Amino acid sequence: MKTALITGITGQDGAYIAEYLLNKGYNVLGLIRRLSARNIERLNYLKIAGDVKLIDGDITDLSSIIRVLKKDKPDEVYNLAAQSFVGTSWQQPILTSDVTAIGALNVLESIRLTDPSIKFYQASTSEMFGKIKEMVQCENTPFHPRSPYGVSKLYAHWMTVNYRESFNMFACSGILFNHESPIRGLEFVTRKVTNSAVRIKLGLQDKLYLGNIDAKRDWGHAKDYVKAMYLMLQHDKPEDFVIATGRTSSVRDMCKIAFDYLGLNYEDYVKIDKNLFRPAEVEILIGKPVKAEKYLGWKAEITLEDMIKEMVDADMKRVKG
Ligand code: NDP
Ligand code: GDP
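Keep in mind that what you see is a predicted model, and the values were worked out from it rather than measured.

### A few points about the site of ligand 2
Argument step 1. Every one of the 18 residues lining ligand 2 counts as a neighbour, but K192, G211, R217, R278 and E281 are closest to it.
Argument step 2. Between ligand 2 and E127, the relevant distance is 3.0 Å, taken from an oxygen atom to a side-chain nitrogen or oxygen of the residue.
Argument step 3. Calculation on ligand 2 without its partners gives an accessible area of 540 Å², and the protein chains cover 96% of this total.
Argument step 4. Classifying every residue of the shell around ligand 2 gives 9 nonpolar, 3 polar and 6 charged.
Argument step 5. In terms of domain composition, the shell around ligand 2 takes at least three residues from each of domain 1 (3-179 + 219-243) and domain 2 (185-217 + 249-283 + 302-320).

What follows is the structure, given as structure tokens:
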């Protein structure tokens, strides 16, 4: 039986990959930071909280990671922990760098010091492309991050590449485009829209305030994307892969899907709040996942329409209680 350690197990992707690995027969460990109240709602949502072993630790604390690696000897480490919200990264740039950039280095360095044969997955992001240099982005597209989050992730990405090249470690970086689900954080635009549309439908809210609704993203479903993480660590050699659907849609298009599904016209409810515009925007992202398809046999399966409807249904259930 293989053992996997997931940092960020309480997050969206952490919960889905834990479920995926449990189904594959893995012994699943999750690093969980100490909070005054335990935050395992997503693990409860997927009904797996009792099936994973949660271990106290923080990726900004090197010794806590070394302790876990020495004691529990995982075969694979999925580093998903991060301050992952772009908006917050301008408010808390130093914390974002400590967690999202140096945190990843702490995990890499712990593996190097403890057992360099442990396989490592780094959660990289399409935000590293930022001000895009090519209309469609692939593994060779130059980077130009546009936020402290993007810059921190780029540092972690290059450290992953560097540890692979310097120490021959099985370290992979998955450059994942936006992926969502019913357990996406409420601050991200898809979930903000599905949750608000439901509340408007139920008469609990009048308007939905958004920023730049002309921004375009290549949105996929987290459930599809965690499979790619697993496949990267089973590939015969460590490499980096772009994971995307290959289709881009605007925030406006996504609003239309959610409101239409509820029988509402989004134009009657969505209002623009200039305060929600970002200091520097990533206007458009669209990925080319050809390498993943060729070498991992991976392809996105769930469409944006089906995902948004699933999110609306889940929010309807939650809001109605
Ligand atoms: P979430 O924000 O849902 O989850 C982040 C996780 O990191 C949470 O479990 C959080 O714990 C944990 N965490 C934060 N700080 C620390 C710390 N100091 N020590 C230990 N754990 C910590 O993110 P997602 O699941 O959406 O994303 C997973 C990863 O993939 C992230 O690294 C993200 O940046 C990256 N990514 C995500 C994309 C997406 O579209 N979802 C796209 C590309 C990359 P807590 O619950 O305690 O806050
Ligand atoms: P990101 O791609 O990781 O930044 O994911 P988000 O879901 O946070 O944002 C996606 C896009 O939606 C960005 O271009 C945002 O500027 C845009 N957007 C427009 N209005 C909002 C809003 O109210 N909240 C968020 N989070 N994003 C918004």
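### Considering the pattern of salt bridges
Argument step 1. The full count for this structure, using the stated rule, is 17 salt bridges.
Argument step 2. The salt bridge partner of E281 is R217, with a shortest N-O separation of 3.8 Å. Of this pair, E281 sits in the loop between strand 13 (270-272) and helix 10 (290-296) while R217 is found in strand 9 (residues 216-217), placing the two residues 64 residues apart along the sequence.
Argument step 3. Note on E281: relative accessible area 14%, which makes it buried.
Argument step 4. Given the relative accessible area of 7%, R217 is considered buried.
Argument step 5. Among the ionic pairs, K291 bridges to E239, the shortest N-O distance being 2.8 Å. Separated by 52 residues along the polypeptide, K291 in helix 10 and E239 in the loop between helix 8 (222-234) and strand 11 (241-243) bring together distant segments of the chain.
Argument step 6. Taking the relative accessible area as the measure of exposure, K291 reaches 21% and is therefore partly exposed.
Argument step 7. The buried category is assigned to E239, whose relative accessible area is 18%.
Argument step 8. A network of salt bridges, in which partner residues are shared, links E127, R217 and E281.

### Thoughts on the packing of aromatic side chains
For any pair of aromatic rings, the description rests on two quantities: the centre-to-centre distance and the angle between the ring planes.
Argument step 1. Across all of its chains, the model carries 10 aromatic pairs by this definition.
Argument step 2. Measuring from ring centre to ring centre gives 5.4 Å for Y20 and Y230, while their planes differ by 70°; the resulting arrangement is edge-to-face. Pair noted here: Y20 is in helix 1 (residues 12-23) and Y230 is in helix 8, with a separation of 210 residues, a long-range link.
Argument step 3. Here Y230 falls in the buried class, since its relative accessible area comes to 14%.

### Description of the packing of helix 5 (residues 93-114) against helix 6 (residues 148-167)
Argument step 1. Their axes nearest at 8 Å, the elements helix 5 and helix 6 cross at an angle of 15°. As the angle between them shows, helix 5 and helix 6 are arranged roughly parallel. Note that helix 5 runs across helix 6; the crossing there is right-handed. In this structure, helix 5 uses P93, T96, S97, T100, A101, I102, A104, L105, L108, E109 and R112 to contact helix 6, whose residues at the interface are P148, Y149, S152, K153, Y155, A156, M159, T160, Y163 and F167.
Argument step 2. Split by residue class, the contact of helix 5 with helix 6 holds 13 nonpolar, 5 polar and 3 charged.

### Looking at the domain arrangement of the chain
Argument step 1. For the chain, the assigned domains read domain 1 (3-179 + 219-243) and domain 2 (185-217 + 249-283 + 302-320).
Argument step 2. On a C-alpha basis, the centres of domain 1 and domain 2 stand 27 Å from each other.
Argument step 3. Between domain 1 and domain 2, the contact holds 15 residues from the first and 21 residues from the second.
Argument step 4. Carbon and sulfur atoms supply 63% of the area that domain 1 and domain 2 bury against each other, a total of about 1700 Å² over both sides.
Argument step 5. Here domain 1 is connected to domain 2 by 1 salt bridge.
Argument step 6. Of the charged contacts in the structure, one is a salt bridge between R217 and E127, with a shortest N-O distance of 3.7 Å.
Argument step 7. For the pair domain 1 and domain 2, the interface holds 4 residue pairs in polar contact (both at pLDDT 80 or more).

### A word on the sheet that holds strand 3 (residues 53-56)
Argument step 1. The strand order 3-2-1-4-5-6-11 describes an open sheet built from 7 strands, whose pairing is parallel. The outermost strands of the open sheet, each flanked by one partner alone, are strand 3 and strand 11. Strand-to-strand twist in this sheet, taken as the mean axis angle between neighbours without regard to direction, amounts to 25°.
Argument step 2. Pairing of strand 4 (residues 76-79) with strand 5 (residues 119-125) involves 4 bridges; the strand directions are parallel. When the bridges of strand 5 are listed, V77 appears paired with F120.
Argument step 3. Packing against the sheet, helix 5 makes contact with strand 4, strand 5 and strand 6 (171-176), and its axis sits at approximately 165° to strand 5.

The rules behind the values
Residues numbered from 1 in each chain as written. Chains lettered and ligands numbered in written order. Predicted model: local features only at pLDDT ≥ 70, side-chain atom pairs only at ≥ 80, totals over all residues. Heavy atoms only, no water. Near = heavy atom within 4 Å. Polar contact = N/O pair within 3.5 Å; in protein donor to acceptor, adjacent residues only side chain to side chain. Areas by Shrake-Rupley, 256 points an atom, 1.4 Å probe, with all protein chains shown as cover. Nonpolar A, V, L, I, M, F, W, Y, C, P; charged D, E, K, R; others polar. Domains from an automatic or database assignment. Salt bridge = Lys/Arg side-chain N within 4 Å of Asp/Glu carboxyl O. Helix = DSSP H or I, 4+ residues; strand = E, 2+ residues; numbered from the N terminus. Buried < 20%, exposed > 50% of the residue type's maximum accessible area, 1.4 Å probe, protein only. Phe/Tyr/Trp six-rings, centres within 6.5 Å; stacked < 30°, edge-to-face > 60°. Axes fitted to C-alpha atoms, helices over the stretch in contact; angles between N-to-C directions. Parallel < 35°, antiparallel > 145°, perpendicular 65-115°, else oblique. Left-handed = near helix turned anticlockwise from the far one by under 90°. Contact = heavy atoms within 4.5 Å. Buried area = accessible area lost by both parts, 1.4 Å probe. Pairing = 2+ DSSP bridges.

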